[in-house]
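Spelled out, the chains give:
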Amino acid sequence: TIKHNTPMLSLNNDYDSEDVKIFYEKIKKKLTKFDILAETKVDGLSASLRYKNRKLLKAVTRGDGAFGEDITNNIFYVNGVKHILPDNFPADLEIRGEIFMPKTVFNRINESRINNGKKTFSTPRNAASGSIRQLDPLITKKRKLMFFGYTIISDNKYFGNTLTDTRQILIN
């Protein structure tokens, strides 16, 4: 296991409009002005990608939030992971995001497993989690995992005024 530079917290789930209203009212008591961004949750495995001199150095799962598993050998086979960052990025930073398996890939893999008499994966999230932990990186590569970066952690540069700005930087 590897210690996180800063804790990786998890999100709370709300399942109905009443839960969201309670959350909103709680925030409103503490802040006078704030914006809300609602988005679809990417249901995967949280990961931290660490860069040194703009090169991907280490990848770690969320784990318990303080420590995570080293998945560096397999992260290079995940679509959407930047192996080298552009020159306008700080030399050293961390990108956090979700590793996930698209449902089309999940369905194709499960169909193949059924045809070969193997047990199917229960959910795309569990399939992604097991796939990124494979000892053989070529198995990870075959699973067609994706990475969705959601935040940048750096001491050296400010990445926009909003979460949307940060996401746009990560897509480009």
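Details of the structure are given in the entry above.
Residues numbered from 1 in each chain as written. Predicted model: local features only at pLDDT ≥ 70, side-chain atom pairs only at ≥ 80, totals over all residues. Heavy atoms only, no water.

### A few points about the side chain of Ser46
Cut-off, in case you're wondering: Strands here mean DSSP runs of E at least two residues long; helices mean DSSP runs of H or I at least four residues long; both are numbered from the N terminus. Residues adjacent in sequence count toward polar contacts only when both atoms are side-chain atoms; beyond that, a polar contact is any pair of N or O atoms within 3.5 Å, and within protein one must be able to donate a hydrogen and the other to accept it. Whether two residues touch is decided by their heavy atoms; if any such pair falls within 4.5 Å, the residues are in contact.
Of note, Ser46 is situated in strand β2 (residues 45-52). A distance of 2.4 Å separates a polar atom in the side chain of Ser46 from a polar atom in the side chain of Glu98. With sequence-adjacent residues up to four places away left out, Ser46 is seen in contact with Met8, Val60, Thr61, Arg62, Gly97, Glu98 and Tyr150.

### Concerning the layout of surface pockets
The condition that has to hold: Grid points spaced at 1 Å over the protein atoms alone were grouped into cavities, where a 1.4 Å probe fits but cannot get out, and pockets, open sets with protein on both sides within 12 Å along at least five of seven lines, with lining residues defined by an atom within 4 Å of a point. Grid points are joined across faces, edges and corners, and a volume is the space filled by probe spheres set on the points. Three classes are used: nonpolar for Ala, Val, Leu, Ile, Met, Phe, Trp, Tyr, Cys and Pro, charged for Asp, Glu, Lys and Arg, and polar for all others, with Gly counted as polar.
Reported here for the largest pocket is a volume of approximately 1,600 Å³. Together, 35 residues line the largest pocket, and Ser10, Leu11, Asn12, Glu39 and Lys41 are the ones closest to its centre. Sorting the residues of the lining of the largest pocket by element identifies α1 (17-30), β2, β6 (146-153) and α6 (163-171) as the ones contributing at least two each. Residues of the lining of the largest pocket, tallied by class, amount to 16 nonpolar, eight polar and eleven charged.

### Focus: helix α4 (residues 124-132)
How we decide: Relative accessible area decides the class of each residue, using a 1.4 Å probe on protein chains only: under 20% of the type maximum gives buried, over 50% gives exposed, and in between gives partly exposed.
Among all positions in α4, only Ala127, Ala128, Ser129, Ser131 and Ile132 are buried. Packed against the buried residues of α4 are β2, α2 (72-75), β5 (93-100), α3 (103-115) and α5 (137-142).

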